[in-house]
Amino acid sequence: MRRRAFLAGAAAASAIPAAAWAEVGAPAFLAAAREPSGAFALIGLGPEGGEAFRVPLPARGHAAAAHPLRAEAVAFARRPGTFALVLDCRTGAVRRRLEAPEGRHFYGHGAYLGGGTVLATTENDFAAGEGVLGLWDAHGGYRRMGEWRTGGTGPHEVVRLPGTEVLAVANGGIRTHPATGRRKLNLAVMRPNLAFLRDGAAEEVVELGEGMRLASIRHLAARRDGTVAMALQWQGEEGEARALLALHRRGGGAPRLLEDPATQGAMRGYGGSVAFSGDGARVAVTGPRGGLAQVFPVAGGPAGIVRRPDICGVAPAGAGLAFTDGRGGILHPGGARRAGVAWDNHLVPVGPG
Amino acid sequence: MRLALALALLAAPAAPAPADVDAALEGHVLPRIAALADAAEALSDAAAEGCEGLEGPFRDAAEAWAGASHLTLGPLEEGGRLRIVHFWPDGRDATARGLRLLREGGEGAWTPEGIARASAAARGLAGLERLIFEDGGEPCALTAALAADLAALTGAVDAGWDGFAALMRAAGEPGNARFLAPGEAEAALYTALVGGLEFTAEQRLGRPLGTFDAPRPLRAEMRRSERSLPNVAAALRALRELAALLADAPETDAAFARAIALADGLEDPALAGVAEPSERLRVEALQTAVREVWRTAEEEIGAALDVPAGFNALDGD
């Protein structure tokens, strides 16, 4: 489906009266969390990690997508989930429940485009074993509008390149089927890629190279200049794992791999999340299995290491970075604090982007 | 990262730490790390005198390492030191390749700076074991240079623990970004305990055991110096010491006693017997006993300390 067609349709619905982010404490980040009671919640965090709001979730969430303007977030069930909830972050009310269409399930990430008029969600067409982006009319009650092929298998995260309508999709390469849960069905032939989509057409599809075929491209971050950072998860023997972070810019030749020899083994072959620093000068990949994050200068040079047990979430904060972990820790450029919850995998920045 | 370092330096050293963190630091961590540095220095002193008779000092250093190798938090995790002190497992024999390059570089390259630039696989105990037990300590100057490098490295680890111990004691203090709550320092020591048990069961014993059809005796840790089994016993004794300081855990202690008795009863220092059915059974029994310690420690000590399992580490998404 062509974007122009549904954007025209969406424009007919004028601005919905809804709270803006400023009305819910102007959060800088969203994160899913597990509370001490065992209940789950989506929490808005201020720039220094203070709690702006908290709304309950019915089950463990994965990532959330923050609407660029309205105080509204979409929380995804963990894969292979078939629902996502559109949450009013002021009242905690569930505004909509998105059901994956027949033959599809969500992977747990989504991104807004068209100034918040359309939500794109990563999904599995599991009969075909192909990735799709589901398109939802975010101005019209989140009606399903159609879908685009992602140009690969197992699309996990999708991000919009800042200031553009181009979507970068991490086609992780791993085929799964709901009948077999998270079992990986195609490791012998997996071929992950990073695809750039505009109006449903792939403008560029890039792979990491033959030696990196077993590195599933899973999570993404985009810098203002369009450089995309990829966090990787190694599917081979842990001891054979290579870089877990790659950078690519459209038209910029082969992706660049970043690794830190001193701590590469401690990452245990698993990159959890990825983010550029606010000033764009550094890029971080988290390693929850080893309790560390590698922070690389984009221009080159040795990595800095941040250590926290179960560290996973990372997002730009000020000029620098913020991190969250499963013990409740929040590290930000101004200091650190600990919340009484276990932070889930991702720290999602809030803002027009 | 600069931020983390700056925050670490802000940490006030005079915080009242939980008694067991202090006890574990004073009664286990700091003496074990100091013993490692001392043993490496003794090996270096001996190697500076000549390259004969280094077997004893090497084995002493290996004993000290087996008693400290689980203390991977803090200074040992900086700059890849853990892998430099002992590069193992080494499935691709990177030690042989690294040593060959060092030999080819010649004596002019065996300066402290030259050794520091060499492959981690050739440095530390892995390279020294080959030189001492396969080549009679030759070339002497290389053995001495590697031993001096190891002494400097472990000395830096020992010195670094002053600051890191202060950081652990200041868990939960404002500005302490590494340990955000008092219980986190304890939790880190518990993680070291469990990690040490896992490494002993699955690597030190698991690698040479391989499978029944494909045993891998040549993969045993420090088989050349016949330290494979003694390292298991030394690690178990050190881990038992740590466990007792972390919590009152009688079942864990009893499980340790059973595993240590099995290790002491074996007479197969290089674990070469994994390839022979009857001897193999005894090594398998030891591995089972170490796994039992591991499971018991998780149930008894993990529960006592209320340490959460990795929420994200185990998520796999």
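The rules behind the values
- Along each chain, residues carry numbers from 1 onward, in the same order as the chain's sequence is written.
- To read the labels, note that chains go from A and ligands from 1, taken in the order they are written.
- Totals for whole chains, interfaces and linings use all residues, but because this is a predicted model, local features are given only for residues with pLDDT of at least 70 and pairs of side-chain atoms are given and counted only at 80 or more.
- Excluded from the side-chain calculations are hydrogens and water; all other atoms, namely the structure's heavy atoms, are used.
- Angular values range over 0 to 180 degrees, each being the angle between N-to-C directions of two axes fitted as lines to C-alpha atoms, with helices fitted over their stretch in contact.
- Runs of H or I in DSSP of at least four residues are treated as helices and runs of E of at least two as strands, each being numbered from the N terminus.
- Every angle not falling under 35 degrees, over 145, or within 65 to 115 is termed oblique; those three ranges are roughly parallel, roughly antiparallel and roughly perpendicular.
- Each crossing is labelled by how the near helix is turned from the far one, with a counterclockwise turn of less than a right angle marking it left-handed and a clockwise turn marking it right-handed.
- The criterion used for residue contact is that any of the two residues' heavy atoms lie within 4.5 Å.
- We call Asp, Glu, Lys and Arg charged. Ala, Val, Leu, Ile, Met, Phe, Trp, Tyr, Cys and Pro are nonpolar, and the rest, Gly among them, are polar.
- The predictor rates its confidence in each residue with pLDDT, a number between 0 and 100.
- Between 30 and 60 degrees the pair is tilted, below 30 it is stacked and above 60 it is edge-to-face, where a pair is any two Phe, Tyr or Trp rings, Trp via its six-membered ring, whose centres lie within 6.5 Å.
- The classification of residues rests on relative accessible area computed with a 1.4 Å probe and restricted to protein chains. Under 20% of the type maximum is buried, over 50% is exposed, and intermediate values are partly exposed.
- Between any two strands, pairing holds if DSSP finds at least two bridges.

1. Some words on the packing of helix 10 (residues 228-246) of chain B against helix 11 (residues 250-265) of chain B
Residue and element names in this part refer to chain B.
Move 1: At their nearest, the axes of helix 10 and helix 11 sit 10 Å apart, and the two run at 165° to each other. Between helix 10 and helix 11, the interaxial angle falls into the category roughly antiparallel. Between helix 10 and helix 11 lies a crossing of left-handed hand. Seen from helix 10, the contacting residues are L229, A233, L236, R237, L239, R240 and A243; seen from helix 11, they are T252, D253, F256, A257, A259, I260, A263 and D264.
Move 2: Looking at the contact of helix 10 with helix 11 residue by residue, the classes come out as 10 nonpolar, 1 polar and 4 charged.

2. What about the confidence of the model for chain B?
Residues and elements named next belong to chain B.
Move 1: Put simply, chain B has an average pLDDT of 92, and 94% of its residues get 70 or more.
Move 2: Of the regions scoring below 50 in pLDDT, residues 1-17 engages in 25 contacts with residues more than four places distant in sequence or in other chains.
Move 3: Overall fold confidence (pTM) sits at 0.86, and the ipTM for the predicted complex is 0.77.

3. Let's talk about the packing of aromatic side chains
All names here are of chain B.
Move 1: Under the counting rule described, the total for this entry stands at 7 aromatic pairs over all chains.
Move 2: Note on F58 and F133: the rings are 5.4 Å apart at their centroids and 70° apart in plane angle, and the pair reads as edge-to-face. Remark: F133 occurs in helix 7 (residues 124-134) and F58 occurs in helix 3 (residues 55-66); sequence separation between them is 75 residues.
Move 3: Judged by relative accessible area, F58 falls into the buried class, the value being 0%.

4. Description of the pairing of strand 26 (residues 329-332) of chain A
Walk down a regular strand and you will see the side chains alternate between the two sheet faces.
Residue and element names in this part refer to chain A.
Move 1: Here strand 26 shows a buried face lined by G329 and L331 and a second buried face lined by I330 and H332.
Move 2: Following strand 25 (residues 320-325), the chain reverses through 3 residues before pairing antiparallel with strand 26; G328 in that reversal takes a positive phi of roughly 95°.
Move 3: Looking at chain direction, strand 26 and strand 27 (residues 335-338) are connected through 4 bridges and run antiparallel. When the bridges of strand 27 are listed, I330 appears paired with R337.
Move 4: The turn linking strand 26 back onto strand 27 is made up of 2 residues.

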